[in-house]
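Secondary and tertiary structure notes
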Amino acid sequence: MSAVTQDTAVSMGRVTRALIYLLLLLFALFYLLPLYVMGVNSVKPLAEITGGNMMALPEVWTLDPWRSAWSTAQIGVEPTGLKPYFLNSILMVVPAVVISTIMGALNGYILTKWRFRGDTWVFGLMLFSCFIPFQIVLIPMAVVLGKLGLAGSVPGLVLVHVVYGIGFTTLYFRNYYATFPTELVRAAQIDGAGFFQIFWRILLPVSGPIAVVSIIWQFTNIWNDFLFGASFGGTNQPMTVALNNLVQSSTGVKEYNVHFAGAILAALPTLLVYIVAGRYFVRGLMAGSVKG
Amino acid sequence: MTVSTAPDFRTRLQDWLPKLVLAPSFAVTILFVYGFIGFTVLLSFTGSKMLPSFKWVGWENYEKLWALPAWNTAVMNIAIFASLYIVICTAVGLMLAIFLDQKIRGEGVLRPIYLYPMALSFIVTGTAWKWFLDPGIGLENVMHLWGWQSFSFTWIKDGNMAIYTIVIAAVWQTSGFVMAMFLAGLRGIDNEILKAAQIDGASNWQLYRRIVIPLLRPAFLSAFVILSHLAIKSYDLVVALTGGGPGRATEMPATFMYSYTFTRNQMGIGASSAVIMLMTIAAIMVPYLYAEMKEKKG
């Protein structure tokens, strides 16, 4: 494909071209608008939102909504702000991402380089598990977490996210390792290298890109999860659940500016990851959807 | 004894090691995915209320479920939501991809702008759109302040229209992702085919309709599968944006399942609704995954 230019651009008149630019810009506005609204209204005093224009820049700039969202806002019954929940999310996300990625890497290595009879079935079963509606496992999961004494705890959430994350991480690593020459693995085997040695010395050094994809995918999904957090979080809820409690609270005045600051706080980690490693993020999305 | 020919312990361990390392993942999948599915299916045939019980009631839960107005609303809503969401996302994504592919200056800036909503959680998206669409402080208020006094946009408060606000927010979140899928597809098309067609005198419209879009078939299929799967699972967005309301106007199967199981203590009915959700997704995913895996082998 090297001789082919990348885009499928066709020749067209100047007016058509101008219209295309206009449309593309309008869509950019559409995508940026909610972010802009959240941003400007999170640094306004409440009176300016309820009595003013949501699109206008603040007349008085203030960071109080951010301070309030972070450390004093009423979440449920406690005026703790989102800080402890942010911490819960971190404590949940880091181990869940690390464990599921390591397991996915080993699984992918085995399913491509140590094939055995029935391995396609094993992979197929794991693959389908990526796509189940989680409602189908909520009830038994609640029972099992209760029996294990993990209900309402961060380790419980880690377990849940690892269990329902390894399907995707396995998929990523399997598809990636499938393109790695198996001859190299066989040659190392003849030279006396063992199972872990081959993984450590030969596969792992080339796994950088796919590891980044897997980590980003898992991080985004687990950070953004709401269903499991709301169902099994108990008093150790993650950030998304706390944000929802903050926004939906029916008592007192609706502090829109605090809600917006909280929403940005909840979005910040994944947005940062996206800004820093957006290319990999896209690749991860594609790898998760187009398997062929 | 045939010590000399039998493999030593180390070799045998090496033979078993791969399966041993894979075993925990496989066991966990069998137990937590398929075992749990089995358990929920079982519960859907029992009279479970607040806690699981094993009193067999046959198809009673399913009969009750389909007689419930709330469930019928939920099914109706998911049908409206899923079809609009899939069609609009695909149309917007395809259009943006085709336009972005015309040697656009600033593509590198536009692409991430289209795509960033995908990095946000549905709860954040819901919160942002909830206030943006709120007549009191959001879009309607802004238009009034800008002098368009007759402007009215109260869909989010209107039982008949609220479902469409969920479509708007969901399209906002994922259409950029669909764009990225189509763009990847477009970049994989051999330009020589297009040049040949142009030499033969095909118009731009014909070019895309007859040649490019048919070549994007795999991307259409992937988009359909991913979007329908996202649509059926949609729970967070509804919770954050409308909370299932006004009234129960935007109830979806996912919210129905949750409220019947955990707040209304009708676990049997909740389980049967989850089973129906699973069946719907499986009907779409299983043939797709099967075809994907078969293609790979061949």
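By convention here, each chain's residues receive numbers from 1 onward along its written sequence. Labels follow written order: the first chain is A, the first ligand is 1, and so on. Thresholds applied to this predicted model are a pLDDT of at least 70 for local features of residues and 80 or more for the giving and counting of side-chain atom pairs; totals over whole chains, interfaces and linings are not thresholded and use all residues. Values shown for side chains rest on all heavy atoms present in the structure; no hydrogens or waters enter the calculation.

Regarding the overall build of chain A
The helix and strand tally for chain A stands at 14 helices and 0 strands. Helices (α) and strands (β) of chain A occur, in sequence order from the N terminus, as α-α-α-α-α-α-α-α-α-α-α-α-α-α. All radius of gyration figures rest on C-alpha atoms, and the globule criterion is 2.2 Å times the number of residues raised to 0.38. The C-alpha atoms of chain A give 24 Å as radius of gyration, which overshoots the globular expectation for 292 residues (19 Å, by more than 25%). Here the C-alpha coordinates of chain A stretch approximately 75 × 70 × 30 Å along the principal axes. Taking all 292 residues of chain A together, 54% fall into the buried category. Across chain A, the fraction of contacts at a sequence separation of at least 24, relative to all contacts at a separation of at least 6, is 69%. A residue counts as positive if it is Lys or Arg and as negative if it is Asp or Glu; His and the chain ends are not included. Each charge is placed at NZ for Lys, CZ for Arg, CG for Asp and CD for Glu. Treating the 16 positive side-chain charges of chain A as one cloud and the 10 negative ones as another, the clouds have centres 11 Å apart. Secondary structure follows DSSP: runs of H or I at least 4 residues long count as helices, runs of E at least 2 residues long count as strands, and numbering of each begins at the N terminus. We call a residue buried when its accessible area falls under 20% of the maximum for its residue type, exposed when it is over 50%, and partly exposed in between, using a 1.4 Å probe and counting protein chains only. For this analysis, residues touch if any pair of their heavy atoms sits within 4.5 Å.

Some thoughts on the interface of chain A and chain B
Contact residues are listed per partner, giving 102 residues for chain A and 104 residues for chain B. Salt bridges are counted wherever a side-chain nitrogen of Lys or Arg sits within 4 Å of a carboxyl oxygen of Asp or Glu. One can count 0 salt bridges joining chain A with chain B. Whenever a nitrogen or oxygen atom comes within 3.5 Å of another N or O atom, the pair is scored as a polar contact, on the condition that within protein one atom can donate a hydrogen and the other can accept it, and that pairs from neighbouring residues in sequence are kept only if both atoms are in side chains. At the junction of chain A and chain B, the tally comes to 22 residue pairs in polar contact (both at pLDDT 80 or more). Top contributing element to the side of chain A that touches chain B by residue count: helix 1 (residues 14–41) of chain A, with 16 residues. Grouping the constituent residues of the side of chain A that touches chain B by class yields 71 nonpolar, 26 polar and 5 charged. Three residue categories are used. Nonpolar comprises Ala, Val, Leu, Ile, Met, Phe, Trp, Tyr, Cys and Pro, charged comprises Asp, Glu, Lys and Arg, and polar comprises the others, including Gly.

Some details on the domain arrangement of chain A
Residue and element names in this part refer to chain A. As annotated, the domain borders come from an automatic or database domain assignment. Under the domain assignment used here, chain A contains domain 1 (14–66) and domain 2 (83–289). On a C-alpha basis, the centres of domain 1 and domain 2 stand 33 Å from each other. As used here, buried area is the combined drop in accessible area, with a 1.4 Å probe, of two parts when they are placed together. For the pair domain 1 and domain 2, the summed buried area comes to about 1000 Å², and 86% of that belongs to carbon and sulfur atoms. When the buried surface of domain 1 facing domain 2 is broken down by residue, Met38, Leu46 and Trp66 rank first, second and third, together holding 53% of it. At the surface where domain 1 touches domain 2, the tally comes to 0 salt bridges.

A closer look at a nonpolar patch on the surface
On the surface, a nonpolar cluster with roughly 510 Å² of combined accessible area is contributed by Val15, Leu19, Leu22, Leu26 and Leu29 of chain A. Among the secondary structure elements, leucine 22 of chain A is positioned in helix 1. Exposure above 30% relative accessible area and no salt bridge define the residues that can form patches, which grow by joining like charges within 9 Å and nonpolar side chains of Val, Leu, Ile, Met, Phe, Trp and Tyr within 5 Å. Only the protein chains shown count as cover for residues, with accessible areas throughout obtained via the Shrake-Rupley method and a probe of 1.4 Å.

Thoughts on the packing of aromatic side chains
In summary, the pairing rule links any two rings of Phe, Tyr or Trp, Trp by its six-membered ring, whose centres are within 6.5 Å, and it sorts them by plane angle into stacked for under 30 degrees, edge-to-face for over 60 and tilted for everything else. Under the defined criterion, the tally for this structure stands at 44 aromatic pairs over all chains. Ring centres of phenylalanine 134 of chain A and phenylalanine 228 of chain A lie 4.8 Å apart, and the angle between their planes is 45 degrees; this geometry places the pair in the tilted category. In this pair, phenylalanine 134 of chain A is assigned in the loop between helix 5 (119–128) and helix 6 (135–148) and phenylalanine 228 of chain A in helix 12 (residues 227–232), connecting sequence segments 94 residues apart. Between phenylalanine 32 of chain B and phenylalanine 36 of chain B, the aromatic rings sit 5.1 Å apart at their centres with planes inclined by 50 degrees, giving tilted as the arrangement.

Describing the packing of helix 5 (residues 122–132) of chain B against helix 7 (residues 162–187) of chain B
Residues and elements named next belong to chain B. Fitting a line to C-alpha atoms yields each axis, with helices limited to the stretch in contact; the angle taken between N-to-C directions then spans 0 to 180 degrees. Viewed as axis vectors pointing N to C, helix 5 and helix 7 meet at an angle of 130 degrees, and their least axial separation amounts to 10 Å. The angle between helix 5 and helix 7 places the two elements in the oblique class. Between helix 5 and helix 7 the crossing geometry is right-handed. Facing Phe122, Thr125 and Trp129 of helix 5, the residues of helix 7 in contact are Ile168, Ala169, Trp172 and Gln173. A breakdown of the residues in the contact of helix 5 with helix 7 according to their chemical character gives 5 nonpolar, 2 polar and no charged. Reported orientations rely on four angle classes, namely roughly parallel under 35 degrees, roughly antiparallel over 145, roughly perpendicular from 65 to 115, and oblique for the rest. By definition, turning the near helix anticlockwise from the far helix through less than a right angle yields a left-handed crossing, and turning it clockwise yields a right-handed one.

Section: the pattern of salt bridges
Taken as a whole and assessed by the stated rule, the structure comprises 8 salt bridges over all chains. The partner of aspartate 64 of chain A in a salt bridge is arginine 67 of chain A, and the shortest N-O contact between them spans 2.6 Å. Residue aspartate 64 of chain A and its partner arginine 67 of chain A are located together in helix 3 (residues 64–72), separated by 3 residues, close to a single helical turn. According to the relative accessible area criterion, arginine 67 of chain A is exposed, its value standing at 51%. Several salt bridges share partner residues, and in doing so they unite Asp101, Glu107, Arg111 and Arg187 of chain B into one network.

Examining the confidence of the model for chain A
Per-residue pLDDT for chain A averages 87, and the proportion of residues at 70 or more is 93%. Note that residues 1–5 of chain A has pLDDT below 50 and, in this model, 5 contacts with residues that lie over four places away or in other chains. How sure the predictor is of each residue is captured by pLDDT, a score from 0 to 100.

Let's talk about the side chain of asparagine 244 of chain A
Tracing the sequence through the fold places asparagine 244 of chain A in helix 13 (residues 239–248). Given the relative accessible area of 8%, asparagine 244 of chain A is considered buried. Setting aside residues no more than four positions away along its own chain, asparagine 244 of chain A makes contact with Phe226 of chain A together with Ile123, Val239 and Ala240 of chain B.

Overview of the domain arrangement of chain B
All names here are of chain B. Looking at the assigned domains, one finds that chain B contains domain 1 (1–43) and domain 2 (58–297). With centres defined by C-alpha atoms, the gap from domain 1 to domain 2 works out at 39 Å. Each partner contributes residues to the interface: domain 1 has 4 residues there, and domain 2 has 7 residues. Summed over both sides, the interface of domain 1 with domain 2 buries roughly 380 Å², with 82% coming from carbon and sulfur.

Let's talk about unusual backbone geometry
Residues and elements named next belong to chain B. The residue lysine 103 is not glycine, and still its phi comes out positive at about 50 degrees. For lysine 103, the position within the fold is in the loop between helix 3 (69–100) and helix 4 (107–115). Phi angles above zero are rare outside glycine, and asparagine 265 is one such case at about 55 degrees. Among the secondary structure elements, asparagine 265 is positioned in the loop between helix 12 (253–263) and helix 13 (267–297).

A closer look at the confidence of the model for chain B
Of all residues in chain B, 97% have pLDDT values of 70 or greater, and the mean over the chain is 88. Looking over chain B, one finds the lowest element-wise mean pLDDT in helix 8 (residues 191–199) of chain B, namely 81, and the highest in helix 3 of chain B, namely 94.

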